[in-house]
Amino acid sequence: MEIASERDDFSRSGPLYLTIVDWGNVHHRRSIAACLVQGVYVLEHDRQEKRQALAPPWWEFFDFQLLCTLVDDVDSSIFGAIYEFKPEANSHYSAEIPRHVIAFRGTMTERDSVSQDLRLDLRLIQNGLHQTSRFENAMRAVRNMVAVSGASNVWLTGHSMGSSIAMLAGKNMAKTGDFIESYLFNPPFISAPIERIKDKKVRHGFRVASSVITAGLAFAMKGNNQERQPSEDPFTVLSNWVPNLFVNPADHICCEYIGYFEHRENMESFGIGGIERLATQNSLTGLFMNAMGWEYQEELQLIPSACLTINRSPSPTFKRAHGIHQWFRGDLSLQSKVYQYKL
């Protein structure tokens, strides 16, 4: 418990170097978004351990207040929080500052939350997160805050499973024309971890073969169905939403996003981008289930555009590579690139 408490204690683990926040600085925004997610984890730790609250400094340090918590209907655990920016009277309000931030935690292994969290992890793997009461509660909160503040004044952020909740909510809002600034840490990519193959040529070969097969099946099925107008195509609708994804190549849960976007760019450079544009918005599982006539929700990780940030700093263990704490450090070696979907 001593180690857990140390990581929960902002005075020992938080980014104390951010005494002056430059909201125009992307690294400051990243660190603050990660801290607000950590605040949700600590809120749930405080609840389970019935201890003196350690959570408030994780948001109060940045002039936020806790507006409300989001509670799971099944196990009564805190899975999310809505924060409101409340600067001091003499503080200058910048256009980059969100009025509200909605943050979601990931899976916790503590006794009072592990059972429900693991059930939700399974639903995520089965592409059924949209059918859970936790997501429905999250989606309701997002819609309510957008109605109150406007999409341009709201941030979405989450870690691990929480980033999947935030991503799905962001995708749903983007389909209605509301593009919410989003900070998604270690978002799960449910597929074979091709990115973990060390041999670059073998890795590339796997990706090309997969793209050709997927695109071929998608093209064949397209001929058997009524063709959508461009304005109705999900990727076209979503292409202007550019969430911020933060991944670590040593984390097998999220590292496939690296290959997902890099491969699409490589295929464009080879002059066969059309194949990859078709493949990147489909999966073999989804195509098979649609061919069988089964209803299948579009896969969560298939997104057209993103600002992808890779943590190239050494990560000696998977736990560190997947953890939220890495993202509010100030000494990271980061590589960022915007991938904008080409219609």
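Residues numbered from 1 in each chain as written. Predicted model: local features only at pLDDT ≥ 70, side-chain atom pairs only at ≥ 80, totals over all residues. Heavy atoms only, no water.

Novice: Run through the overall build of the protein, naming residues and quoting values.
Specialist: The secondary structure content of the protein amounts to 13 helices and eight strands. Residue burial in the protein is summarised as follows: out of 343 residues, 51% are buried. Taking all contacts inside the protein whose residues are at least 6 apart in sequence as the whole, residues at least 24 apart take part in 73%. By element, 53% of the accessible surface of the protein is carried by carbon and sulfur atoms, the whole surface being about 16,400 Å². (Helix = DSSP H or I, 4+ residues; strand = E, 2+ residues; numbered from the N terminus. Buried < 20%, exposed > 50% of the residue type's maximum accessible area, 1.4 Å probe, protein only. Contact = heavy atoms within 4.5 Å. Areas by Shrake-Rupley, 256 points an atom, 1.4 Å probe, with all protein chains shown as cover.)

Novice: Give me the layout of surface pockets: which residues, what numbers.
Specialist: What the largest pocket holds in volume is close to 1,400 Å³. Considering the residues around the largest pocket, the lining is formed by 46 residues, among which H159, K319, H322, G323 and I324 are closest to the centre. Of all elements in the fold, only α1 (2-8), α2 (10-13), α3 (26-49), α5 (114-125) and α13 (318-322) reach the threshold of two or more residues within the lining of the largest pocket. In terms of residue class, the lining of the largest pocket is built from 19 nonpolar, 17 polar and 10 charged. (1 Å grid on protein atoms, 1.4 Å probe; cavity = no way out; pocket = protein on both sides within 12 Å on 5 of 7 lines; lining within 4 Å. Points joined across faces, edges and corners; volume = space filled by probe spheres on them. Nonpolar A, V, L, I, M, F, W, Y, C, P; charged D, E, K, R; others polar.)

Novice: Outline the packing of helix α6 (residues 133-149) against helix α7 (residues 161-174), supporting the account with residue identities and numerical values.
Specialist: It is the contact of α6 with α7, at a shortest axis distance of 10 Å, that shows an interaxial angle of 50°. In terms of their interaxial angle, α6 and α7 are classed as oblique. Between α6 and α7 lies a crossing whose hand is right-handed. Contact residues: α6 offers R134, F135, A138, M139, V142, R143 and V146, while α7 offers M161, I165, L168, A169, N172 and M173. The residue makeup of the contact of α6 with α7, split by class, is 10 nonpolar, one polar and two charged. (Axes fitted to C-alpha atoms, helices over the stretch in contact; angles between N-to-C directions. Parallel < 35°, antiparallel > 145°, perpendicular 65-115°, else oblique. Left-handed = near helix turned anticlockwise from the far one by under 90°.)

Novice: Kindly report on α7, identifying the contributing residues and their values.
Specialist: Compared with the 20 Å implied by 1.5 Å per residue over 14 residues, the 20 Å span of α7 between its first and last C-alpha is a close match. Counting buried residues in α7 gives 13 out of 14 residues, a clear majority hidden from the surface. (Expected span 1.5 Å × (residues − 1).)

Novice: Can you explain the packing of aromatic side chains? Please cite residues and give values.
Specialist: Taken as a whole and assessed by the stated rule, the structure comprises 22 aromatic pairs. Taking the centre distance of 5.4 Å and the plane angle of 55° together, the rings of W58 and F328 count as tilted. Placement of W58 in helix α4 (residues 57-60) and of F328 in the loop between α13 and β8 (334-339) is noted, with a sequence separation of 270 residues between them. Both residues of the pair, W58 and F328, count as buried. Summarising the aromatic geometry, the rings of F61 and F62 are spaced 5.2 Å apart at their centres and angled 80° between planes, so their arrangement reads as edge-to-face. Every member of this aromatic cluster is reached through a ring pair, and the members are W23, F64, F85, W155, Y183, F185, F246 and W327. (Phe/Tyr/Trp six-rings, centres within 6.5 Å; stacked < 30°, edge-to-face > 60°.)

Novice: Before we move on, could you go through the confidence of the model for the protein and cite the residues and values that matter?
Specialist: Averaged over every residue, the pLDDT of the protein is 84; the share at 70 or more is 75%. Between residues 223-228, whose pLDDT stays under 50, and residues either more than four places distant or in other chains, the model counts three contacts. (pLDDT = per-residue confidence, 0-100.)

Novice: Tell me about the nonpolar core, and please be specific about residues and values.
Specialist: Grouped together as the largest cluster of nonpolar side chains are 45 residues, with contacts concentrated most on I102, F104, V142, L245, Y257 and F261. Not counting chain neighbours up to four residues away, the residues in contact with F261 comprise L245, I303, P304, S305, A306, L308 and Y339. Among the nonpolar cores identified, the runner-up in size contains 34 residues, and L18, W23, L36 and A81 belong to it. (Core = buried A, V, L, I, M, F, W, Y, C linked by side-chain atoms within 4.5 Å.)

Novice: Outline unusual backbone geometry, supporting the account with residue identities and numerical values.
Specialist: Peptide bonds are mostly trans, and most non-glycine residues show a negative phi. Phi at K50 is positive, roughly 50°, even though this residue is not glycine. The backbone phi angle of D63 is positive, close to 70°, even though this residue is not glycine. Here D63 shows up in the loop between α4 and β1 (64-71).

Novice: Before we move on, can you summarise the pattern of salt bridges with the specific residues and values?
Specialist: Evaluation of the coordinates by the stated rule reveals 11 salt bridges. R12 is paired through a salt bridge with D9; the nearest N and O atoms lie 3.3 Å apart. In this structure, R51 and E49 form a salt bridge, with 2.9 Å as the shortest nitrogen-oxygen distance. Taking relative accessible area as the criterion, R51 reaches 19% and is therefore assigned buried. For E49, a relative accessible area of 28% corresponds to the partly exposed category. In this structure, a network of salt bridges that share partners links the residues D8, D46, E49 and R51. (Salt bridge = Lys/Arg side-chain N within 4 Å of Asp/Glu carboxyl O.)

Novice: Residues and numbers for the sheet that holds strand β2 (residues 78-85), please.
Specialist: Hydrogen bonds between backbone groups are what pair the strands of a sheet, and the pairing can be parallel or antiparallel. Taken together, eight strands build an open sheet; the order of strands is β1-β2-β3-β4-β5-β6-β7-β8 and the sheet is mixed. In this open sheet, the two edge strands, each paired with only one partner strand, are β1 and β8. The average angle at which neighbouring strand axes cross in this sheet is 15°, direction not considered. For strand β7 (residues 306-311) and β8, the ladder comprises six bridges, and the chain directions are antiparallel. Within β8, the residue paired with I310 across the bridge is Q335. Those strands touched by α6 are β1, β2, β3 (100-104) and β4 (154-159), and its axis lies near 170° from that of β3. Each of β3, β4, β5 (181-185) and β6 (244-247) touches α7; the most contacted strand, β4, lies at about 145° to it. (Pairing = 2+ DSSP bridges.)

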